[in-house]
Amino acid sequence: FLEHLLFKGTERRTARAIAELVDSTGGEMNAFTSKEYTAYYARVPAGGQEMATALLADVLREPALRAADVETERQVILEEIHLQADDPDDVVFGLLYEALFPGHPLGREVLGTESSVAAIDRDGISGFHDHWYRAPNLVVAAAGAVDHDALVAQVAEAFSGRTGGSAPARSAPVAEPVEAVRLKRPTEATHVAWGWRGLRRDDPRRHALALGIHVLGGGLSSRLFQTVREERGLAYSVFSSMAGYTDAGVVSVYAGTAPERADELQKVVAGEVAEVAANGITAAEMAIARDGFEGSILLGLEDSGSRMFRLGTSQSLLGRVVPLDEYVETLRAVTLEDVNAVLAEVLSPEPAVAIVGSGT
């Protein structure tokens, strides 16, 4: 809700004035909310640092939060919920997280529900903002043509009165994942997502797991892509991924196929996962994955937005920015035995399975 409302204006700027100021630079200003944080960002040409920082500081520090704007954005958020409900890709992962984390916040939709959005009032939103949007729970990151000293001075002055913040307390999920969740709806394809509890964000084995999951389904040469798409033509899109949170983690596989081939797809994916869990990956596969990770990091550094995102999320979620040399050294220190051991641990349990489509 705040992600929407903060762009509706401050005591000094209207929503239109904010939009016109950003548009006049040819830049962009936006925000997004994940499971554990909300990010607000601006991207402007070199020379626009002072303006962009002042604008972001203004909307973050002193949003107007007008009652009329709350009601307008309530309707916008409800429309966003409706749009997400029409996207089977989003729905299937929503069901998967509910199955993996029953009764836990990680299992809830970030957007909320129609009833939860309807229940939120202006005072509750204002109180939430006042409690959480404070240093040091708020991190500012910048990349590109940045004058570091000027940025520090400007941010320090802007947020000098908003100290005393603390990070939210997290609690690990207690309930075990539940069995398969199926939602029947008239779609052209059947969408299937498999999920396993993974590793926390700070688990030292996370790099080994990331390499193994990449071999399973992270690229064009991955086992799932080669078997499911290239050899059998079962799906256009098939991939595996992982996510780490403060108190838990997720490994997932997704694929979509024609309803009449859904059973075959599930058997093929199950077979590939079982093979990796039982026998691991090869040294050659691991070398490709490790070189690919290093290459993707280097390519990401060519974009100032990616650099900004890396700085902000690392400081917010890990409490430090991991130097690139340290990250590469950590990757290179991972052994094949490390990878295969963690793959066996994570992928051996029966997965939670979510299915959306007309053939369920």
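Residues numbered from 1 in each chain as written. Predicted model: local features only at pLDDT ≥ 70, side-chain atom pairs only at ≥ 80, totals over all residues. Heavy atoms only, no water.

Student: Help me understand the sheet that holds strand β7 (residues 352-357) in this model?
Tutor: For sheets, the rule is that strands pair by backbone hydrogen bonds, running either parallel or antiparallel. Strand order in the open sheet made by the five strands is β3-β7-β4-β6-β5, with mixed pairing throughout. Across the chains shown, the open sheet's two edge strands, defined by having one partner strand only, are β3 (181-184) and β5 (238-244). Neighbour-to-neighbour, the strand axes of this sheet turn through a mean angle of 15°, independent of strand direction. The pairing of β5 with strand β6 (residues 249-257) spans seven bridges and is classified as antiparallel. (Pairing = 2+ DSSP bridges. Helix = DSSP H or I, 4+ residues; strand = E, 2+ residues; numbered from the N terminus. Axes fitted to C-alpha atoms, helices over the stretch in contact; angles between N-to-C directions.)

Student: Which parts of the structure should I look at to understand the environment of Gln75?
Tutor: Considering the arrangement of structural elements, one finds Gln75 in helix α4 (residues 67-85). When the C-alpha positions of Gln75 and Ile281 are compared, they lie 49 Å apart, and in sequence the two are 206 residues distant.

Student: Could you clarify how one ought to interpret a negative patch on the surface in this entry?
Tutor: A cluster of acidic side chains, namely Asp89, Asp90, Glu98 and Glu109, defines a negative patch on the protein surface. Along the polypeptide, Asp90 turns up in helix α5 (residues 88-100). (Patch = residues over 30% accessible without salt bridge, like charges linked within 9 Å, V, L, I, M, F, W, Y side chains within 5 Å. Areas by Shrake-Rupley, 256 points an atom, 1.4 Å probe, with all protein chains shown as cover. Salt bridge = Lys/Arg side-chain N within 4 Å of Asp/Glu carboxyl O. Lys, Arg positive; Asp, Glu negative; His and termini not counted. Charge placed at Lys NZ, Arg CZ, Asp CG, Glu CD.)

Student: Sorry, what's going on with the environment of Met308 here?
Tutor: Tracing the chain through its elements places Met308 in helix α13 (residues 304-318). For the pair Met308 and Leu224, spaced 84 residues apart in the sequence, the C-alpha separation amounts to 32 Å. Residues contacting Met308, with those up to four places away along its chain left out, are Tyr41, Ala141, Ala142 and Ala143. (Contact = heavy atoms within 4.5 Å.)

Student: Just checking my understanding: could you explain the side chain of His191 for this structure?
Tutor: Summarising the element assignment, His191 is placed in strand β4 (residues 190-197). You can call His191 buried: its relative accessible area is 10%. Here Asp89 takes part through its side chain, which lies 3.1 Å from a polar atom of the side chain of His191. A distance of 2.8 Å separates polar atoms of two side chains, one belonging to His191 and the other to Tyr254. The residues touching His191, leaving out its near neighbours within four places in the chain, are Pro88, Asp89, Val92, Tyr254, Ala255, Gly256, Ala354, Ile355 and Val356. (Buried < 20%, exposed > 50% of the residue type's maximum accessible area, 1.4 Å probe, protein only. Polar contact = N/O pair within 3.5 Å; in protein donor to acceptor, adjacent residues only side chain to side chain.)

On their own, these measurements won't tell you what the molecule is for.
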